[in-house]
Amino acid sequence: MPGRTAMQLRYSLPSGKRNLWCFLDASRSTGMSQFLNAARDAIIGLARSASSARFHLIILEGGRIRWKAWNLTARRFEAALLELKEASGKSLIIEALKTLQRAMLRKGNKPGDRLVIASDGLASPAPAEKPAQTLHRLRHALGRIVRSQNSIAWIHPPP
């Protein structure tokens, strides 16, 4: 057809708001020594200081990985954190970190984005997997996130 082109220019402007990504391991191992409560309180304090950001929370709870918050304000993010009451299930930390990294890549990485990981770092092994293999998979997952993110904090229980 005359006057029509096969291609059109499409564009979008990325949001100017920073993202705060949070991974919270609420598995049984992190439930010991009140770590879940301490980590939740620390993350809430961080959210209050970065109130203009957009918040994303992926949790490991009851042996499942799930998004608890996606693109929320600080107030709603705090409410989502306060809903977490107990720790149970196995720790699928490797799978959760991979899910988180894929979401971060889809959303796009801005210079002011931050990532907070709250976990003891104890991963449940896959069936018939040796501990050394589990550790290797965890290191690989962490390495991928470290290479793609500017600023990362790890909150962990005392040894």
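Everything below is about the structure shown above.
Keep in mind that this is a model prediction, so the values were computed, not measured. (Residues numbered from 1 in each chain as written. Predicted model: local features only at pLDDT ≥ 70, side-chain atom pairs only at ≥ 80, totals over all residues. Heavy atoms only, no water.)

As a further point, take the pattern of salt bridges. Counted under the stated rule, the structure contains 5 salt bridges. Two residues, Glu61 and Arg66, come together in a salt bridge whose shortest N-O distance is 2.7 Å. Since its relative accessible area comes to 16%, Glu61 is described here as buried. A salt bridge links Glu129 to Arg137; the nearest nitrogen and oxygen atoms lie 2.7 Å apart. (Salt bridge = Lys/Arg side-chain N within 4 Å of Asp/Glu carboxyl O. Buried < 20%, exposed > 50% of the residue type's maximum accessible area, 1.4 Å probe, protein only.)

Turning our attention to the pairing of strand β3 (residues 64-72). Note that strand β2 (residues 54-61) and β3 share 6 bridges and pair antiparallel. Residue pairing for β3: Leu57 is matched across the bridge by Ala69. (Pairing = 2+ DSSP bridges. Helix = DSSP H or I, 4+ residues; strand = E, 2+ residues; numbered from the N terminus.)

Right, let's get into the sheet that holds β3. The 5 strands lie next to each other as β3-β2-β1-β4-β5, forming an open sheet whose pairing is mixed. A strand with exactly one partner marks an edge of an open sheet, and here the two such strands are β3 and β5 (151-155). Each strand of the sheet is rotated relative to its neighbour by a mean of 10°, with strand direction disregarded. In this fold helix α2 (residues 35-49) packs onto β1 (19-26), β2, β4 (114-118) and β5, with an angle of close to 170° to the strand it touches most, β1. Relative to β1, helix α4 (residues 93-107) is tilted by about 170°, and along the sheet it contacts β1, β2, β3, β4 and β5. (Axes fitted to C-alpha atoms, helices over the stretch in contact; angles between N-to-C directions. Contact = heavy atoms within 4.5 Å.)

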